[in-house]
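What follows is the residue order along each chain.
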2 protein chains.
Amino acid sequence: MKEEPNESENMADEQNVTIDPWGKALVEDYARLIKEFGMQEFDPKMFPEPNLQMRRGIDFGGQDLEHIARAIKEKRPFYCLSGIMPSSEKIHLGTETVVQNIRYFQDHGAKTYILIADVESQATRGVSLEEGKRRALEFHIPAYIALGMDIEKTYFYLQSENKTVSNIAAIASQKITENEFRAIYGSVHPSKVMSAFTQMGDILYPQYTEKMPGVIPVGIDQAPHIRMVRDVARRLKADYGFFLPSAIYGKYTNALDGSFKMSKSSAENAKLEIPEKDIDAIEKKINKALTGGRATKEEQRAKGGEIEKCMAYEYCKNHFIKDDKVLKQMHDECVGGKNLCGECKAKYAIPYAKQFYEDFNANFEKAKKQLGKIRFVQ
Amino acid sequence: MKEEPNESENMADEQNVTIDPWGKALVEDYARLIKEFGMQEFDPKMFPEPNLQMRRGIDFGGQDLEHIARAIKEKRPFYCLSGIMPSSEKIHLGTETVVQNIRYFQDHGAKTYILIADVESQATRGVSLEEGKRRALEFHIPAYIALGMDIEKTYFYLQSENKTVSNIAAIASQKITENEFRAIYGSVHPSKVMSAFTQMGDILYPQYTEKMPGVIPVGIDQAPHIRMVRDVARRLKADYGFFLPSAIYGKYTNALDGSFKMSKSSAENAKLEIPEKDIDAIEKKINKALTGGRATKEEQRAKGGEIEKCMAYEYCKNHFIKDDKVLKQMHDECVGGKNLCGECKAKYAIPYAKQFYEDFNANFEKAKKQLGKIRFVQ
């Protein structure tokens, strides 16, 4: 749920091929995943005015999204919840996708909650609560605003100041056995237990006082968390009347060199984070990005590029080019053999990436002036 | 730590012969326990003006009590912490022993903290937080005052309102492995994990802002908790400067029929709880209590009673007869063959037990008037 899946990779079991919320899962066949994990295939037609992520297939799966679609249609209350892990002052580029979804649900009536996981940052990274709060206020929250979150429709809370979450965590922990926990998380290390149930407390928190469905926009690596919190909500339904949380799952973005899932441990040249203050460095990174270029110029002019292998296109599709027409033009010129990869990068990926980061930097400065509008709840 | 060890017996493994904080451990040989569990043998000479529990060997073991003795001697700060589980409106008679120790440390300079485990009562017993708070205020806290706790030297907190405890619990959970946890608690059920680390958070909480040694007066069944929180404190010492918590361990009291460890599941006639409003029922229960009577009157007059088997004497020693001279007289008349068991009960156990409960009832009514002095901390 918290948008720094790469933060905890030291806990990952590299051999584990199931979806591991703490690790590098091998997620290549999304259709298989949907089937095996009992997810719902995402259909952008479910929602009014689907956003870019929805239209472009970045959102590929979900759970019980019809409840959210219905709440939107009938203008009934629902919530959207996401989390900030203030363990550093960088965020994963994939967070941009999550924020776009938060914004989408905000625009369609969601009561939005953003938790700041300062307790977890302290416990797992040694970041003091004060420092965690400072990082959230000075970096993460303005970054979310800069990426599109509407601060006026958002409620924030610090895990360190929200006791209800711990109470729900204690209740939830009665409802999952040791073996169920191990089956999903791989081990029953006490820190995993504390962290997982706290996150379940977070996800159910908005429903504790106001019964309503809720949607959690997450990366696919968080699907096991969602599955477990849904089990907990089901088992607590009779006593607490929880709705099973809905989820919308986004795809991973690979690293610029094409290696699986961009993360903090990706090669420096192969990853883009937020922020990237050195705009020239972005150009260099994209120039080195893996593409779908053919063996020779002649072959590429004749057959076109293999766009499904191209990381420059992937990043433009997922983040940098918001205009569908421009993206289609980039696509068609590639597969039509009009541009060689260097030409394409110079025309599309590099300028749009630079613009994305320049816009971010400018929006970030403006966003800092909105911090007075922050509303904390407990 | 929380003084209703019998509350959670449904989680006990009846086959488990180690000390099980949730179960019925077979604790018969305290000397062996002291050795096997690396406890310190309790020496009442360590402390100035030892109380009744200390003098009479009810307190039989401890951990690092020399730190507490030194703090008392040098008038340096230390704390004493105990907990209330508001899952019912009865407490175990053994709680009286704990409260006497709390009072002793209060009188000798301890900053005293009493936590109200409302979160755990809600999670494990379905008692709402509101109801848990009500029970604590209307029954448990006045009962503790009636049993001797000095409300003017005590700080209270509700687990549901104390976020620092959850924060320490999250930090502590990083420091214990799955196997270590299992070795001590028998399983790694998520609810055990949440509960155990919350209790560790409670025990370390007073030190989080004010570094000082602390003593936890507990029944011997809580020794594993203490052992683990000491491991956690040791591992967090470099980062947080915690003192290893000290502990003072009290013996179990058997049921009136002599069966192991009086608890909620003891036969109704064989247990005494607090309160016992029906004073006549107390007489009936004690009349049925196991004694060390001989086969015949003649043998008893000649050899005296086997006082080490007598539950009436045990209860008088542990709770009802505060005057050492009277207790000695009861003892000497028994072993000297002066009284048959019925005569002894009529002379000592019954009137002193009735007086104990009558005093409690009167003190309880007075104590309720002191509730305005309660200080809650967070």
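What you see is a predicted model, and the numbers here were worked out from it, not measured in a lab.

Scoring rules and cut-offs
Residues numbered from 1 in each chain as written. Chains lettered and ligands numbered in written order. Predicted model: local features only at pLDDT ≥ 70, side-chain atom pairs only at ≥ 80, totals over all residues. Heavy atoms only, no water. Helix = DSSP H or I, 4+ residues; strand = E, 2+ residues; numbered from the N terminus. Rg over C-alpha atoms; globule rule 2.2 N^0.38 Å. Buried < 20%, exposed > 50% of the residue type's maximum accessible area, 1.4 Å probe, protein only. Contact = heavy atoms within 4.5 Å. Areas by Shrake-Rupley, 256 points an atom, 1.4 Å probe, with all protein chains shown as cover. Lys, Arg positive; Asp, Glu negative; His and termini not counted. Charge placed at Lys NZ, Arg CZ, Asp CG, Glu CD. Buried area = accessible area lost by both parts, 1.4 Å probe. Salt bridge = Lys/Arg side-chain N within 4 Å of Asp/Glu carboxyl O. Polar contact = N/O pair within 3.5 Å; in protein donor to acceptor, adjacent residues only side chain to side chain. Disulfide = S-S within 2.5 Å. Pairing = 2+ DSSP bridges. Axes fitted to C-alpha atoms, helices over the stretch in contact; angles between N-to-C directions. Least-squares fit on C-alpha atoms with pLDDT ≥ 70 in both. pLDDT = per-residue confidence, 0-100.

## Some thoughts on the overall build of chain A
Point 1. For chain A, the count of helices and strands is 15 helices and nine strands.
Point 2. Taking 2.2 N^0.38 as the reference for a compact globule, 378 residues should give roughly 21 Å; the C-alpha atoms of chain A span a radius of gyration of 21 Å, in line with that estimate.
Point 3. C-alpha extents for chain A along the principal axes are approximately 70 × 45 × 45 Å.
Point 4. A total of 378 residues make up chain A; the buried ones form 61% of that total.
Point 5. For chain A, contacts bridging at least 24 residues in sequence account for 76% of all contacts bridging at least 6.
Point 6. Carbon and sulfur atoms form 50% of the exposed surface of chain A, whose accessible area is close to 14800 Å².
Point 7. Here chain A carries 55 positive and 55 negative side-chain charges, and the mean point of each set is 2 Å from the other.

## Re the environment of Met149 of chain B
Point 1. Tracing the backbone shows Met149 of chain B in the loop between helix H6 (129-146) and strand E6 (154-158).
Point 2. With relative accessibility at 2%, the residue Met149 of chain B sits in the buried group.

## Topic: the interface of chain A and chain B
Point 1. If you look at the interface, chain A gives 32 residues, while chain B gives 32 residues.
Point 2. For the pair chain A and chain B, the summed buried area comes to about 2600 Å², and 60% of that belongs to carbon and sulfur atoms.
Point 3. It is Lys163, Pro190 and Met194 of chain A in chain A that bury the most area against chain B; as a group they hold 24% of the surface buried on that side.
Point 4. If you look at where chain A meets chain B, you find two salt bridges.
Point 5. Glu178 of chain B is the salt-bridge partner of Arg182 of chain A, the closest N and O atoms lying 2.6 Å from each other.
Point 6. For the pair chain A and chain B, the number of links is 15 residue pairs in polar contact (both at pLDDT 80 or more).
Point 7. Looking at the side of chain A that touches chain B, the elements with two or more residues in it are helix H5 (118-125), helix H7 (163-172), helix H8 (178-185) and helix H9 (190-209) of chain A.

## Some points on the state of the cysteines
Point 1. Counted by the stated rule, this structure contains zero disulfides over all chains.
Point 2. Sulfur of Cys341 of chain B: no disulfide; nearest cysteine sulfur belongs to Cys310 of chain B and is 6.1 Å away.

## What about the sheet that holds strand E7 (residues 214-219) of chain A?
Residue and element names in this part refer to chain A.
Point 1. Spatially, seven strands are ordered E1-E2-E8-E7-E3-E5-E6 in an open sheet, and the strand pairing comes out mixed. Each edge of the open sheet carries a strand with a single partner, namely strand E1 (40-41) and strand E6 (154-158).
Point 2. Pairing between E1 and strand E2 (residues 59-63): two bridges, direction antiparallel. Its bridge partner being in E2, Gln40 is matched across the sheet by Gly62.
Point 3. Across the sheet, helix H6 (residues 129-147) lies against strand E3 (79-84), strand E5 (111-116) and E6, angled at about 125 degrees from E3, the strand it touches most.

## Focus on the relation of the copies chain A and chain B
Point 1. At an RMSD of 0.0 Å, chain A and chain B line up after a rotation of 180 degrees and a shift of 0.0 Å along the axis. Within this description, the copies of the chain are treated as partners about a two-fold rotation axis.
Point 2. Interface overlap between copies: 100% of the residues of chain A at the interface are likewise at the interface in chain B, consistent with a symmetric, same-surface contact.

## Observations concerning the confidence of the model for chain A
All names here are of chain A.
Point 1. For chain A, mean pLDDT is 90; residues scoring 70 or higher make up 93% of the total.
Point 2. Low pLDDT, under 50, characterises residues 2-27; the stretch is placed with 84 contacts to residues that sit more than four places away or in other chains.
Point 3. Predicted complex, confidence summary: ipTM 0.83, pTM 0.86.

## Points about the environment of Lys373 of chain A
Point 1. Tracing the backbone through its elements, the reader meets Lys373 of chain A in the segment after helix H15 (341-368).
Point 2. Residue Lys373 of chain A is classed as partly exposed on the basis of its relative accessible area, which comes to 39%.

## A few points about the side chain of Gln106 of chain B
Residues and elements named next belong to chain B.
Point 1. Of note, Gln106 is situated in helix H4 (residues 95-107).
Point 2. Take Gln106: its relative accessible area is 2%, and that puts it in the buried class.
Point 3. Separated by 2.8 Å, the side chain of Gln106 and the backbone nitrogen of Asp150 make a polar contact.
Point 4. With sequence-adjacent residues up to four places away left out, Gln106 is seen in contact with Thr112, Met149, Asp150, Lys153 and Thr154.

## Here we look at unusual backbone geometry
Point 1. Of note, the amide linkage connecting Ile274 of chain A to Pro275 of chain A takes the cis form, showing an omega dihedral of 0 degrees.
Point 2. Considering the arrangement of structural elements, one finds Pro275 of chain A in the loop between strand E9 (273-274) and helix H11 (279-287).

## With respect to the pattern of salt bridges
Point 1. Counted according to the given criterion, the structure contains 66 salt bridges over all chains.
Point 2. Among the salt bridges present, the one from Asp324 of chain A reaches Arg55 of chain A, with a minimum N-O distance of 2.9 Å. Taken together, the residues Asp324 of chain A in helix H14 (residues 324-335) and Arg55 of chain A in helix H2 (residues 52-55) connect sequence positions 269 residues apart.
Point 3. The exposure class assigned to Asp324 of chain A is partly exposed, which follows from its relative accessible area of 34%.
Point 4. For Lys303 of chain B, the salt bridge is made with Glu299 of chain B, and the minimal N-O distance between the two is 3.2 Å. Of the two residues, Lys303 of chain B and Glu299 of chain B both sit in helix H12 (residues 297-303), four residues apart, roughly one turn of that helix.
Point 5. Accessibility expressed as a relative area gives 25% for Glu299 of chain B, which makes it partly exposed.

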